[in-house]
Amino acid sequence: MEAEIQRINEYNDPRFSPAVLRQHGAFLVNGVPCEVEVTGPDCAVVRGEAREFYPQLIEDFRFYAEHISRFYDAKGNLLAGFPPVERFPVKLSDIQPSQFYVDKDKLAAVRSFITEPEDVVIPVMVQDGRYVSLDGHTRLAAALDAGFHQVFAFLTKGGDCILAFAGEARKRGVYDPSGLKRVSHEEYQTVWNQFCDDFLKQLP
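In this report, we go over the structure that sits alongside the text. As the structure is a computational prediction, the values presented were derived from the model and not from experiment.

Here we look at helix 3 (residues 104–111)
In an α-helix, one full turn covers 3.6 residues, which means residues spaced three or four apart are oriented alike.
In step 1: Residues Leu107, Ala109 and Val110 constitute the buried set of helix 3. Projection of helix 3 onto a plane perpendicular to its axis shows the buried side chains occupying an angular sector of 160°, all on one side.
In step 2: Packed against the buried residues of helix 3 are helix 1 (18–23), strand 9 (101–103), helix 4 (137–145) and strand 13 (181–183).

This is the structure in structure tokens:
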């Protein structure tokens, strides 16, 4: 039986630790709070009472963080291991975003755990000799703010949908992470989330 898993995207929720909320590793599994906290470059700790659904929770988490390949429970026991993902350095100027807005609240949260370029690992695909970022745009903005010139990436499968968003970003003058526009959390809900809903309906 599959669980109903909901990712928490807020930053003030007393059911979860602040560090996990900032990492977007807070989930409700059939209504039960569970945490996935990244503790190293490729590993994370899973906590919560819905242990029987940990495999599904890990699968859902890796949708957002494919480079995390080892998962442990709170006692240090290995829960799941996956083939390591090859990561490589990439210049920020060589990354084409597939998004054009960044939530200022989320950016402030992300800044709290980014201290070096190795902390920024994003999924990319290749188009016309450039890397297109599938996710991690807030981390890219945080990297810029920290003065980094490069971050780390790993290749993954994208698709026509991502390329369509990247094309729309270019139409709006966003050719690298420096073009990402920072907006308030409230504005983000409209200018980005609503845009995505409308744009996806237009795609074939």
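Let's pick the thread back up.
Focus: the side chain of Arg139
In step 1: Within the element layout of this structure, Arg139 appears in helix 4.
In step 2: Note on Arg139: relative accessible area 16%, which makes it buried.
In step 3: Excluding residues within four positions of it along the chain, Arg139 makes contact with Val110, Ile114, Val120, Val121 and Ile122.

Digging into the packing of aromatic side chains
In step 1: Applying the stated criterion across every chain yields a total of 13 aromatic pairs.
In step 2: On the basis of an interplanar angle of 85° and a centroid distance of 6.0 Å, the ring pair of Phe61 and Phe71 is categorised as edge-to-face. Placement of Phe61 in helix 2 (residues 54–64) and of Phe71 in strand 5 (residues 70–72) is noted, with a sequence separation of 10 residues between them.
In step 3: On the basis of relative accessible area, Phe61 is assigned to the buried category, the value being 5%.
In step 4: Note on Phe71: relative accessible area 0%, which makes it buried.
In step 5: With a centroid separation of 6.1 Å and an interplanar angle of 90°, the aromatic rings of Phe71 and Phe82 are classed as edge-to-face. Placement of the pair is Phe71 in strand 5 and Phe82 in the loop between strand 6 (78–81) and strand 7 (88–91), with a sequence separation of 11 residues.
In step 6: Site record: aromatic cluster; members linked through ring pairs are Phe100, Tyr101, Phe165, Trp192, Phe195 and Phe199.
In step 7: A cation sits over an aromatic face here: Arg7 above Tyr64, 3.7 Å from the ring centre.
In step 8: The ring of Phe82 has Arg62 lying over it, and the distance from NZ or CZ to the ring centre is 4.1 Å.

Brief notes about the sheet that holds strand 1 (residues 5–7)
In step 1: Strand order in the open sheet made by the six strands is 1-2-3-4-5-6, with mixed pairing throughout. Each end of this open sheet is capped by a strand with a single partner; those strands are strand 1 and strand 6. Pairs of neighbouring strands in the sheet enclose a mean axial angle of 25°, with direction left out of account.
In step 2: As paired elements, strand 4 (residues 43–48) and strand 5 share three bridges and run parallel to each other. Residue pairing for strand 5: Val45 is matched across the bridge by Tyr72.
In step 3: Docked against the sheet, helix 2 engages strand 1, strand 2 (26–29), strand 3 (32–38), strand 4, strand 5 and strand 6, running at close to 135° with respect to strand 4.

What to know about the sheet that holds strand 7
In step 1: Strand order across the open sheet formed by five strands is 7-12-10-11-8, with mixed pairing between neighbours. The open sheet terminates on both sides in strands that have one partner only, identified here as strand 7 and strand 8 (95–96).
In step 2: Here strand 10 (residues 121–127) pairs with strand 11 (residues 130–133) via four bridges, running antiparallel. Considered in strand 11, the bridge of Val124 is made with Ser133.
In step 3: Helix 5 (residues 160–171) rests against strand 8, strand 10 and strand 11 of the sheet, and its axis sits at about 90° to strand 10.

Remarks on the pairing of strand 7
In step 1: Alternating residues of strand 7 divide into Phe88 and Val90, all buried, and Pro89 and Lys91, none buried.
In step 2: By the bridge criterion, four bridges tie strand 7 to strand 12 (residues 150–155) in an arrangement that is antiparallel. Note that in strand 12 the partner of Lys91 across the bridge is Gln150.

Section: the side chain of Gln99
In step 1: Its location among the elements puts Gln99 in the loop between strand 8 and strand 9.
In step 2: Exposure remark for Gln99: the relative accessible area of 10% places this residue in the buried category.
In step 3: There is a polar contact of 2.6 Å between the side chain of Gln99 and the backbone oxygen of Tyr101.
In step 4: Engagement of the side chain of Gln99 in a polar contact is seen with the side chain of His137, the distance being 3.4 Å.
In step 5: Setting aside residues no more than four positions away along its own chain, Gln99 makes contact with His137, Ala169, Val174, Leu180, Tyr188 and Trp192.

About the cut-offs
Residues numbered from 1 in each chain as written. Predicted model: local features only at pLDDT ≥ 70, side-chain atom pairs only at ≥ 80, totals over all residues. Heavy atoms only, no water. Buried < 20%, exposed > 50% of the residue type's maximum accessible area, 1.4 Å probe, protein only. Helix = DSSP H or I, 4+ residues; strand = E, 2+ residues; numbered from the N terminus. Arc of directions from axis to C-beta. Contact = heavy atoms within 4.5 Å. Phe/Tyr/Trp six-rings, centres within 6.5 Å; stacked < 30°, edge-to-face > 60°. Lys NZ or Arg CZ within 6 Å of the ring centre and 35° of its normal. Pairing = 2+ DSSP bridges. Axes fitted to C-alpha atoms, helices over the stretch in contact; angles between N-to-C directions. Polar contact = N/O pair within 3.5 Å; in protein donor to acceptor, adjacent residues only side chain to side chain.

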